[in-house]
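Letter by letter, the chains look like this.
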Number of protein chains: 2
Amino acid sequence: MSAEGDLLDEVTPELVRRIEAALADGKTEEVRDLLEGLSPTGQAAVLEQVSEHQRDALVALLKRDLDPEMLTELDEDVRDDVLDQLDSKDIAAAARELETDDAVNLLEDLPEDERQEVLAELPAADRAEIESGLAYPDDSAGRLMQRSLVKVPDSWSVGQVIDHCREATDLPEDVYDIFVVDQWGRLSGSVPLGRMLRTKRPVPILDIVDPDIPSVPATADQAEVAHLFRDKNLVSCPVVDEDRRLLGVIMVDDIVDVIDEEAEEDLLKMGGVASDDMHASTVRTVRLRAIWLAVNLLTAVIASLVIGQFENAIEKIVALAVLMPIVASMGGNAGTQTVTVAVRALAMGELTGANMLRFIAKEVAVGGLNGIIFAICMGGAVVAWYHDWRLGAVIGAAMICNLVAAALGGTLIPLGLQKFGVDPAVSSTVFLTTVTDVIGFLAFLGLATIFLL
Amino acid sequence: MSAEGDLLDEVTPELVRRIEAALADGKTEEVRDLLEGLSPTGQAAVLEQVSEHQRDALVALLKRDLDPEMLTELDEDVRDDVLDQLDSKDIAAAARELETDDAVNLLEDLPEDERQEVLAELPAADRAEIESGLAYPDDSAGRLMQRSLVKVPDSWSVGQVIDHCREATDLPEDVYDIFVVDQWGRLSGSVPLGRMLRTKRPVPILDIVDPDIPSVPATADQAEVAHLFRDKNLVSCPVVDEDRRLLGVIMVDDIVDVIDEEAEEDLLKMGGVASDDMHASTVRTVRLRAIWLAVNLLTAVIASLVIGQFENAIEKIVALAVLMPIVASMGGNAGTQTVTVAVRALAMGELTGANMLRFIAKEVAVGGLNGIIFAICMGGAVVAWYHDWRLGAVIGAAMICNLVAAALGGTLIPLGLQKFGVDPAVSSTVFLTTVTDVIGFLAFLGLATIFLL
């Protein structure tokens, strides 16, 4: 048992270094002992932290003793790498030991032909379950659910249910709820185990069933399922087909993974990273990031075309070139603040048709007020620096324009993208910086041309 | 029961509009009916989406019938606003109906004097429990835990435990595990309810206990507890004091909230927003954001001081002013990609002393390679545009310099901040943009001064 939270740091950098050193010295027994003392998650963390070369050596060493659970904990890029080293027999052996949802998760990213090979190695019953899981769309409730659950007919008494639980040997260890179905297999409700324990044996199970439990269709998107778990504080949720027949159950630990995944995606997309490339190869990372940088290059070129229109003004007043990045940068930052709040609120369902106009109005007010504050700061600084009150007035006015534009862009762009079915996290910032760069340079250089030349 | 996922959209914009309309028309009965048909989470969503004025009216209308659960689901800013309208008697009544952890959560943000008033209204037992919860540090396991759990001595048999569960009336509904303690109240382990149900009555409970269950000290940080839940796929986790005495239990639904909170914080901080200001007043939002914009103004001024050193060069070759933002912007974007991956990996414990050097080396390689790719693109474009191969070579060389600098800054800044105990999510990007702006302008304008003048 863990004393004082030592479990919180199961895999320390020192441990990883010891494993690396033992591996380098060819002490295979020591490597094995160190790894086998770890939980599946700990083993996964080690495989993620060593170099690709060392990882291959570790997998070769452990092949037969690999904990199947460990495979489900690995980052996708690392798992692909590990699966490459295993043949279809090894993968099938691992899949057999996992819950259906984890097995589906393991097989879903394999190339089609290899997946077929693995499925062919499995007993018919396991194969059928995994294939029916794979038949559901990516990221759907059907992919997430496990099929092993306690399901009893609505005609039984509490005593019959308890006897069934006692006799059945294939029931999952982590049972929290008993699901009750009618004669057509349709979900009638559920009974928490704790309540059943406290009820007398002759009572009909239907008397203590919760009929109003939430359920999700197998085709529901995993992000929506996660919202339901959050809103209702669920530990498990039954999955039903279009006729409300009970198909399986989703457990909260899988939802924790979904929430992590969605949060990670939003954060990474906002930062211009398409997917978690921490464990991807250098070449793959270059390719993934170059796409985003190319889009950004385009917007930077558009901004510089705007500047190009004012070469004449810059030639006459070179201070314009010195000051213009300040206006653009402040707009970009203020707009990023707005976009970040908007994207998060959209993802959490907090920004809807009902409060959209209020949100835009508030953001424009915030942009205008901060615009005035920083117009005074920067205008004053420029007057002190260049002893030119007209230049100060121009930069102040441009600052207000750009911060209001940033607020409008920061709200309308994500809302518009969402409306057209485009993920606002992934493209909002690019459009936004285009707006704040163009308006920033245009307002500052344009006003300067009008009032200073 | 929900048919086809209608629960996923309990609060539609139409519903909010209907409530707003009924409220405006003074149809208080209709408002009441519409709100009372909702779950606590649904009611919270409505209060968050209406205007501040309408929210006050709704709270005034519902005062006595407010579901205490609803208060725990509200966003912090909105909750402060709602609590302002309730007197200490109302708040105490709500706190009594909540689990300890939720009651602590409700009271922790109240001003000290109001909190004392509310505590004075509570029965002594509730008050003591809440006060001991408040005694733990913010965001600690002690704040998160609930005290109601099933705790049995290690001398009992399964039958005694079952009888105890049957007779006790104050046990929580959502029991999943029975905790076993020794004569000094120290945790011996736990028994999943499902296993107990399947064991014969005379078996000693100690025979079926899991002694190796994870536990956390009450002072552990909530982010670490969340990591433990993730790594071990836990549904509940006992909390112990320094002598391993069982104090309470943390349930997974509270951990889901923690994970959401931490993910939200990281996303918002990266976007330059100190806290979720979606529901804050305009003035408060202006103040929160202005701090970050002021920091950004400083970095922009530093960048423009660098440009100021090259006024002479810009005066002679005005194209430099047109092109310089491109180099800075590409560096900023490439660096943001690196920082985002690094911050996420640090938060998830994936980037440690063991793989730090490998990570830095990879990022520098990625930066160099993308630098070469975009040096060729942009250099070529500039040669075609300005018919000046030397200008093309200068912008290409500056691009490579800045993308390598961005990779170094994007890795070393968050790692360095983390080392000095500063949250890398909150300040990495500001330092990074300073680096990429300064290096971008310096490399481009400096190389131009050397080779073109």
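Reading the values: rules and limits
Residues numbered from 1 in each chain as written. Chains lettered and ligands numbered in written order. Predicted model: local features only at pLDDT ≥ 70, side-chain atom pairs only at ≥ 80, totals over all residues. Heavy atoms only, no water. Core = buried A, V, L, I, M, F, W, Y, C linked by side-chain atoms within 4.5 Å. Buried < 20%, exposed > 50% of the residue type's maximum accessible area, 1.4 Å probe, protein only. Contact = heavy atoms within 4.5 Å. Pairing = 2+ DSSP bridges. Helix = DSSP H or I, 4+ residues; strand = E, 2+ residues; numbered from the N terminus. Axes fitted to C-alpha atoms, helices over the stretch in contact; angles between N-to-C directions. Parallel < 35°, antiparallel > 145°, perpendicular 65-115°, else oblique. Left-handed = near helix turned anticlockwise from the far one by under 90°. Nonpolar A, V, L, I, M, F, W, Y, C, P; charged D, E, K, R; others polar. Buried area = accessible area lost by both parts, 1.4 Å probe. Salt bridge = Lys/Arg side-chain N within 4 Å of Asp/Glu carboxyl O. Polar contact = N/O pair within 3.5 Å; in protein donor to acceptor, adjacent residues only side chain to side chain.

Caption draft 1: Layout of the nonpolar core. Among the nonpolar cores identified, the biggest contains 79 residues, and I314 and F444 of chain A together with I314 and F444 of chain B are the most heavily contacted of them. Not counting chain neighbours up to four residues away, the residues in contact with I314 of chain A comprise I307, L320, A321, M324 and L445 of chain A together with I314, V318 and A321 of chain B. With 62 residues, the next largest nonpolar core counts I250 and V252 of chain A together with V252 and I259 of chain B among its residues.

Caption draft 2: Spatial organisation of the sheet that holds strand β5 (residues 236-240) of chain A. Residue and element names in this part refer to chain A. In space, the 3 strands of this open sheet follow the order β4-β5-β6, with mixed pairing throughout. Since the sheet does not close on itself, it has two edges, and those belong to β4 (216-217) and β6 (246-251), each with one partner. Looking at chain direction, β4 and β5 are connected through 2 bridges and run parallel. If you follow P217 over to β5, its bridge partner there is V240.

Caption draft 3: A look at the packing of helix α18 (residues 319-347) of chain A against helix α18 (residues 319-347) of chain B. The N-to-C vectors of α18 of chain A and α18 of chain B enclose an angle of 25 degrees; their axes lie 10 Å apart at closest approach. By the angle between their directions, the pair α18 of chain A and α18 of chain B is classed as roughly parallel. Between α18 of chain A and α18 of chain B lies a crossing whose hand is right-handed. Each of A321, M324 and P325 of chain A in α18 of chain A lies in contact with α18 of chain B, whose residues at this interface are A321, M324 and P325 of chain B. When the residues that make up the contact of α18 of chain A with α18 of chain B are grouped by side-chain class, the tally is 6 nonpolar, no polar and no charged.

Caption draft 4: Spatial organisation of the interface of chain B and chain A. With 136 residues of chain B at the contact, the number on the chain A side is 136 residues. Summed over both partners, the interface of chain B with chain A comes to about 11800 Å²; 62% of that surface belongs to carbon and sulfur atoms. At the junction of chain B and chain A, the tally comes to 8 salt bridges. With a closest N to O distance of 2.4 Å, D260 of chain B and R230 of chain A form a salt bridge. Summed over the shared surface of chain B and chain A, the result is 38 residue pairs in polar contact (both at pLDDT 80 or more). A total of 17 residues in the side of chain B that touches chain A trace back to one element, the largest contributor, which is α18 of chain B.

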